[in-house]
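# Topology and contacts: notes
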Amino acid sequence: MVELSMLGGYTKPERPESKNMLRMDTNENLALPLDLIKEVMREALDVDPRLYPEQYDELKVMISRYANVSKDSIVIGNGSDQLIDLALSVFCKGRRGVTIRPTFTFYRDRCMLHGIGLDEVMLDDEFTFSSGSINGSGADVCYICSPNNPTGNQFSRDLMMEVIEGFDGLIMVDEAYAEFAGYSLKDEAAKRDNLILFRTFSKAFGLAGARVGYAIASREIVDVFNRVVQYPYPVSSISLRAAMAMLRRVERVRRVIDGLKAERRWLYEQMSSIGIKAFRSDANFILFDARRDDVHARLKEDGVLVRRIGQVGRYSTCLRVTVGSREMNEGFIDSLKRATSA
Ligand code: PMP
């Protein structure tokens, strides 16, 4: 217990009393209209909660159509967090891991919790890495988040394929933000025996509160995962139905994603035009260097929440902002101008 209390654990975002804050710190999709999500939730509520959830297969069929992979290549989980954690605790026990740095901190936290030793390969100034640094690490498991949180860039397919073909062990690829990016490795995951891909309804589909994620892998891995590793009922029937209701509205979601990509461009240009060093992103957030320490606090005072990231490569005062609706983005830019003026 004492040893556990020494671990840092995941830092949850601050949630100040005021309801009127611009929440741009947790990469949710607030550009999806709340009315649409409420309609989806009303549809989802049409279940008999006396029964254990029965809709897993139905959701898998719908995901398989959406992702264009076989239903037998899909595992459903209580958010992708739960699937990453299960894969780590079951498949990686007693092994050594390798990942990049910086990346999604949950992975490192859970490795520490499970006693999995971890090597970290620092990203270079272009926020990328050489396949040799991962493949030659001697580790048994590798985690790569692509697009990467917090840098936002998706690693090239060629680089990812070099890792997939050259790494001697299990590769976990986190595609939580793939809908905002250029490509997905889902076809590779379905046909290879060393690759597990993690995806989620929390980001593009706007259902972070419903806690629905899924993994795509070979039939063999998925069979073991579903039969032996996953809990019998990891996701509530209401959440399963919510995910299905969103997939029925996939065209609407796609339009919102296209809108967010345009907003991402707009935000990047606005930040650059006021002299802020912003980084190109393939996700629904942008990393930027505020070049001074007080910007996070000043934005907060002004009613805007962003995530404090700190040092990334040679940039020491990085923050991460979630791309929102035009109204939110304008509010953020106005606030950023105030926060970075003398
Ligand atoms: N992976 C990455 C890279 C993330 O940023 C997040 C959310 N912060 C997750 C996974 C977890 O998503 P979920 O809500 O599906 O657990």
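Everything below is about the structure shown above.
Definitions and limits used
- Residues numbered from 1 in each chain as written.
- Predicted model: local features only at pLDDT ≥ 70, side-chain atom pairs only at ≥ 80, totals over all residues.
- Heavy atoms only, no water.
- Pairing = 2+ DSSP bridges.
- Helix = DSSP H or I, 4+ residues; strand = E, 2+ residues; numbered from the N terminus.
- Axes fitted to C-alpha atoms, helices over the stretch in contact; angles between N-to-C directions.
- Contact = heavy atoms within 4.5 Å.
- Near = heavy atom within 4 Å.
- Polar contact = N/O pair within 3.5 Å; in protein donor to acceptor, adjacent residues only side chain to side chain.
- Expected span 1.5 Å × (residues − 1).
- Buried < 20%, exposed > 50% of the residue type's maximum accessible area, 1.4 Å probe, protein only.
- 1 Å grid on protein atoms, 1.4 Å probe; cavity = no way out; pocket = protein on both sides within 12 Å on 5 of 7 lines; lining within 4 Å.
- Points joined across faces, edges and corners; volume = space filled by probe spheres on them.
- Nonpolar A, V, L, I, M, F, W, Y, C, P; charged D, E, K, R; others polar.
- Arc of directions from axis to C-beta.

### Some points on the sheet that holds strand 4 (residues 117-122)
Through backbone hydrogen bonds, the strands of a sheet pair up, either in parallel or in antiparallel fashion. Read from one edge to the other, the open sheet built from seven strands follows the order 2-8-7-6-5-3-4, with strand pairing classed as mixed. At either margin of the open sheet sits one strand with a lone partner, and together these are strand 2 (74-77) and strand 4. Within the sheet, the average angular offset between the axes of one strand and its neighbour, ignoring direction, is 20°. Strand direction decides the pairing type here: strand 3 (residues 96-101) and strand 5 (residues 141-145), joined by three bridges, are parallel. Across the sheet, residue V98 finds its bridge partner in strand 5, namely C142. Along the sheet, helix 4 (residues 79-91) makes contact with strand 2, strand 5, strand 6 (170-174), strand 7 (195-200) and strand 8 (213-216), crossing strand 7 at roughly 155°.

### With respect to the site of the ligand
Lining the immediate environment of the ligand, one finds 13 residues, of which S80, D174, Y177, T200 and S202 sit closest. The separation between an oxygen atom of the ligand and a polar side-chain atom of R211 is 2.7 Å. Considering every element that reaches the shell around the ligand, the biggest residue donor is helix 4, with three residues.

### A look at helix 11 (residues 250-273)
Each α-helix turn comprises 3.6 residues. Residues three or four places apart therefore point the same way. In this model helix 11 runs 34 Å from its N-terminal to its C-terminal C-alpha over 24 residues, within 8% of the 34 Å that 1.5 Å per residue would give. What helix 11 keeps buried is the set V250, V253, V256, I257, L260, E263, R264, W266, L267, Y268 and M271. Looking one or two residues beyond helix 11, the residue adopting positive phi is G275, at roughly 80°.

### Overview of the layout of surface pockets
In this structure, the second largest pocket encloses a volume near 290 Å³. Around the second largest pocket sit 14 residues that line it, and N29, L30, L34, I37 and G206 are the ones nearest its centre. Here the residues of the lining of the second largest pocket sort into nine nonpolar, four polar and one charged.

### Quick word on helix 9 (residues 219-229)
Those residues of helix 9 that fall on the buried side of the exposure criterion are I221, V222, F225 and V229. Buried residues along helix 9 cover an arc of 100° about the axis, so they all sit on one side. Projecting away from the buried face of helix 9 at angles above 90 degrees are the exposed residues E220, R227 and V228. Buried residues along helix 9 sit against strand 2, helix 4 and strand 7.

### As for empty space enclosed by the protein
For the coordinates displayed, the defined rule picks out one cavity of 30 Å³ or more. Residue lining of the largest cavity: E43, A44, R241, M244, A245 and R248, and that is the complete set. Elements supplying a minimum of two residues to the lining of the largest cavity: helix 2 (34-44) and helix 10 (237-248). Looking at the lining of the largest cavity element by element, the count peaks at four residues for helix 10. Considering only residue class, the lining of the largest cavity consists of three nonpolar, no polar and three charged.

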